[in-house]
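# Observations on the three-dimensional arrangement
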Amino acid sequence: MPFTLALHFEFLCAFAPPIPFSQSPKETWVVLRDLRGEQPNQRHHARLLYDVRDRVPNSDVQAAGLRPVGRGPRCGGTPRRYLELVKQHLEVRPEGDQIGADDLESSSRMDKLLAIEKADIGMEIFDSRLLEEDDPRISIAARLQLRTGRLDATKLTSRFGLVNTTTSETVWSQSLARRVVCTIPIQDFVDLQFTTFGAPSSETLRLRSRSHDGVVEVTLRNCEIEQTCSGMPPYGQSDAEINHYLPMSRDYDPTRPPPRLRLSLQDNIDGVCAPKTFSSRSRKADRP
């Protein structure tokens with residue numbers, strides 16, 4: 001029976017399309033940094049949440065000659081479970097097959113993601129090496145290529161200012177989206193394939209889902225541990241938030257880091273920890 005797969009991306013995850021979203025790219029990568037223990041108070045963990053009621057039994061996956069992923073811990077008293085993401089390459093496989101031609105669509109609301117170029121510090125081009133290998137310069141928890149479906153930005157906030165902490169100048173102001181959703185029409189079932197960086201294809205794992213209510217919802221979330229199983233709680237503003245993305249830039253030099261940035265509230269509301277987007281992705285020929 002046909003259903004909709006809804007992939008929710010929340011908190012710290014970076015979108016890296018080959019061209020800006022304003023130019024309607026037909027695919028994009030989504031990358032979640034591994035921030036566990038990077039700083040004394042940094043407790044961000046990348047995790048995938050799913051509804052166990054949608055899960056196809058392991059026996060069916062094994063009968064297809066595939067290896068099922070573990071069930072993962074429960075999210076309190078809900079039917080959801082979560083899986084830790086550590087050096088995982090993820091693929092969406094409708095009916096178990098690889099996606100063919102690039103036909104991703106994106107709504108105009110994607111401009112509610114803060115593009116890194118708005119910081120005006122020359123860090124807007126994503127380093128494509130982080131998509132091709134386990135690069136020792138920076139730890140990646142998970143990466144996923146989206147090539148079909150429709151992207152939309154949701155959970156819009158009030159306006160925020162982006163402040164250069166060196167000059168105290170507000171360099172950009174806009175409202176922000178706390179969530180990005182990719183919806184993909186599915187005919188029968190959908191697999192999420194997990195491959196650990198550098199592992200042989202024979203070690204890939206599958207989470208196979210069918211809908212119990214017309215929609216299969218999966219959430220990729222890079223948040224503090226206690227927020228993993230929450231809905232969309234108020235989130236304390238972190239001055240370090242946007243700075244976590246900058247080392248993923250092609251032009252980042254750890255010996256000469258750019259000025260630190262922070263999001264400055266312009267209304268009396270809670271802070272936001274939200275997805276961001278790079279304006280473009282470097283090609284091999286563009287690398288320094």
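Quick note: structure is the one above.
A brief report on the enclosed structure follows. (Residues numbered from 1 in each chain as written. Predicted model: local features only at pLDDT ≥ 70, side-chain atom pairs only at ≥ 80, totals over all residues. Heavy atoms only, no water.)

## A short note on the overall build of the protein chain
When helices and strands are tallied, the protein chain shows 1 helix and 18 strands. Counting every position in the protein chain, which comprises 288 residues, the buried fraction comes to 51%. In the protein chain, once contacts between residues fewer than 6 apart in sequence are set aside, the share between residues at least 24 apart is 78%. Looking at the protein chain as shown, the accessible area adds up to about 12,900 Å², and 45% of this sits on carbon and sulfur atoms. (Helix = DSSP H or I, 4+ residues; strand = E, 2+ residues; numbered from the N terminus. Buried < 20%, exposed > 50% of the residue type's maximum accessible area, 1.4 Å probe, protein only. Contact = heavy atoms within 4.5 Å. Areas by Shrake-Rupley, 256 points an atom, 1.4 Å probe, with all protein chains shown as cover.)

## Notes on the sheet that holds strand β6 (residues 88-94)
Here we have 8 strands laid out as an open sheet, ordered β8-β17-β2-β3-β10-β6-β13-β14, and mixed in their pairing. Two strands lie at the open edges of the sheet, namely β8 (114-115) and β14 (205-209), each paired on one side alone. (Pairing = 2+ DSSP bridges.)

## A look at the nonpolar core
L7, F9 and L48 are the most contacted members of the largest nonpolar core, which has 39 residues in total. Looking at this core element by element, the count peaks at 5 residues for strand β12 (residues 169-186). When neighbours within four sequence positions are excluded, L48 is seen to be in contact with R81, Y82, L83, L85, L90, L192, F194, L207, V218, T219 and L220. Grouped together as the second largest cluster of nonpolar side chains are 30 residues, L12, A16, L114 and F160 included. (Core = buried A, V, L, I, M, F, W, Y, C linked by side-chain atoms within 4.5 Å.)

## Overview of unusual backbone geometry
Despite not being glycine, S24 has its phi angle at roughly 60°, a positive value. Locating S24 in the fold gives a position in the loop between β2 (14-16) and β3 (28-33). A positive phi is found at D120, a non-glycine position, where the angle reads about 60°. Among the structural elements, D120 can be located in the loop between β8 and β9 (125-126). Judged by its relative accessible area of 67%, D120 falls in the exposed class.

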